[in-house]
Amino acid sequence: MKTILEHIGNTPLVKVEEENNSSIFAKMEGFNPGGSIKDRIALNMIRSAEKDGTIKKGDTLIEPTSGNTGIGLSMVGAMLGYNVKVIMPETTSIEKIKMIRAFGGEAILVENLRYKKFAIEDARDMAKNGAGIHFLNQYENMNNPYTHYENTAEEIINQLEGKQLDYFIAGMGTGGTITGIGKKLKEKFPAIKIIGVQPVQNQTIEGLRSIKDGFVPPIMDVDLIDEIYDLEESKAIETKDDLAKKGILVGPSSGAAMYICREICKNNEGVNIITIFPDRGERYI
Ligand SMILES: Cc1ncc(COP(=O)(O)O)c(C=O)c1O
């Protein structure tokens, strides 16, 4: 019998829509035990830090996150014996905050602009000044893209049952998802187009951030990305609401990715498009 942590990954790949002789497939990351793709990197970053001796049971992990990494770390931390403190923008959905607390984590809410500009530095300072406090740093930690390169992308390739892929669409937060999966898919399908989605500046799509704000996460391989779309928040929300009407309850970043998938579908006949639905919709109600 497996533990809950061994149930991280191996999420379903589903066919979402067909139009114009083209198909859209989505990897349903909300099926992870903590409800998002971030369970994968939480487990991998903790396991790697344990292996290299950086952290030990009883330590405190501090992490700035739009919520899902905080939920993942709190869940994994609860099982493996770590305290977790999470710095989050104050606009984070109440459900995410409550989930972090339910897993025994501490949620520190900061004003949105402060989060964007200073949360990483604040976490660094807290780790520097406190005994037994560690900052795993999903924006710089190569275990973030690596887990998607090694696991998420491999799962996708195995689930395709021999189909070719033409487009990969992913929302951009830390860039771990687009970099890790994009790199492996480009190796397998050299002609694939890698497309990123980010919010238009000064709008919020939870989980995503715009590199136009001036911060390009060190783990993000921008050269791998063929095109980046700036999307309005309203389009992301409308699309996720529309997906729910079709039986798929996911978050706004899934709506954002799906909107771009549909645009590509409309303009290209006979292509296979794959995207990631990073989390479940219950946490945004
Ligand atoms: C809901 C959601 N979607 C998308 C992303 C973006 O993923 P990544 O950080 O791998 O770029 C995140 C990241 O926090 C997220 O929470």
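No experiment lies behind these values; they were computed from the predicted model shown. Counting restarts for each chain, with residues numbered from 1 along the sequence as it is written. This being a predicted model, a pLDDT of at least 70 is required before a residue's local features are given, and a value of 80 or more before pairs of side-chain atoms are given or counted; all residues contribute to the totals for chains, interfaces and linings. Each side-chain value is derived from all of the structure's non-hydrogen atoms; neither hydrogens nor water enter the calculation.

1. Considering the domain arrangement of the protein chain
Domain start and stop positions are those given by an automatic or database domain assignment. Split by domain assignment, the protein chain resolves into domain 1 (5-31 + 152-284) and domain 2 (39-135). On a C-alpha basis, the centroid separation for the pair domain 1 and domain 2 is 25 Å. Between domain 1 and domain 2, the residue contacts involve 19 residues of the former and 20 residues of the latter. Computed with a 1.4 Å rolling probe, the buried area is the accessible surface lost when two parts are put together, summed over both parts. For the domain 1 and domain 2 pair, buried surface summed over both sides reaches about 1,500 Å², with 52% attributable to carbon and sulfur atoms. The largest share of the area that domain 1 buries against domain 2 comes from Leu5, Ile8 and Arg283, three residues that together contribute 44% of it. Whether two residues are in contact is decided by their heavy atoms, any of which lying within 4.5 Å being enough.

2. Let's talk about unusual backbone geometry
Phi is positive for Asn10, which is not a glycine, with a value near 55 degrees. One can find Asn10 in the segment before strand E1 (13-19). Type-normalised accessible area, obtained with a 1.4 Å probe on protein chains alone, sets the label of each residue: buried when under 20%, exposed when over 50%, and partly exposed for intermediate values. Judged by its relative accessible area of 62%, Asn10 falls in the exposed class. Phi at Asn21 is positive, roughly 65 degrees, even though this residue is not glycine. Examined against the element boundaries, Asn21 turns out to sit in the loop between E1 and strand E2 (22-28). Strands here mean DSSP runs of E at least two residues long; helices mean DSSP runs of H or I at least four residues long; both are numbered from the N terminus.

3. Some thoughts on the sheet that holds strand E5 (residues 106-110)
DSSP calls a pair of strands paired once it identifies at least 2 bridges connecting them. Read across the open sheet, the four strands follow the order E5-E4-E3-E6; overall the sheet is parallel. On the outer flanks of this sheet lie E5 and strand E6 (133-135), each paired with one strand and no other. Taking the axes of each pair of neighbouring strands and ignoring which way they run, one obtains an average angle of 25 degrees across the sheet. Looking at chain direction, strand E3 (residues 60-64) and E6 are connected through three bridges and run parallel. Bridge pairing links Ile62 to Phe135 in E6. An axis is simply a line fitted to the C-alpha atoms; with a helix, the fit covers only the stretch in contact. Between two such axes, the angle follows the N-to-C directions and lies from 0 to 180 degrees. In the packing of helix H2 (residues 68-80) onto the sheet, contacts are made with E3 and strand E4 (83-89), and the angle to E4 comes to roughly 170 degrees.

4. What to know about the packing of helix H1 (residues 38-51) against helix H5 (residues 143-159)
Here H1 crosses H5 at 125 degrees, and the two axes come no closer than 9 Å. Taken together, the axis directions place H1 and H5 in an arrangement best described as oblique. In this structure, H1 meets H5 at a crossing whose hand is right-handed. Here Arg40, Ile41, Asn44, Met45 and Ser48 of H1 lie close against H5, whose contacting residues are Asn143, Asn144, Thr147, His148, Asn151, Thr152 and Glu155. Residues that form the contact of H1 with H5 fall into these classes: two nonpolar, eight polar and two charged. By the definition adopted for this analysis, an angle is roughly parallel if under 35 degrees, roughly antiparallel if over 145, roughly perpendicular if from 65 to 115, and oblique otherwise. By definition, any crossing whose near helix is turned counterclockwise from its far helix by less than a right angle is left-handed, and any crossing with a clockwise turn is right-handed. Residue polarity is assigned by list, with Asp, Glu, Lys and Arg as charged and Ala, Val, Leu, Ile, Met, Phe, Trp, Tyr, Cys and Pro as nonpolar; anything else, Gly included, falls into the polar class.

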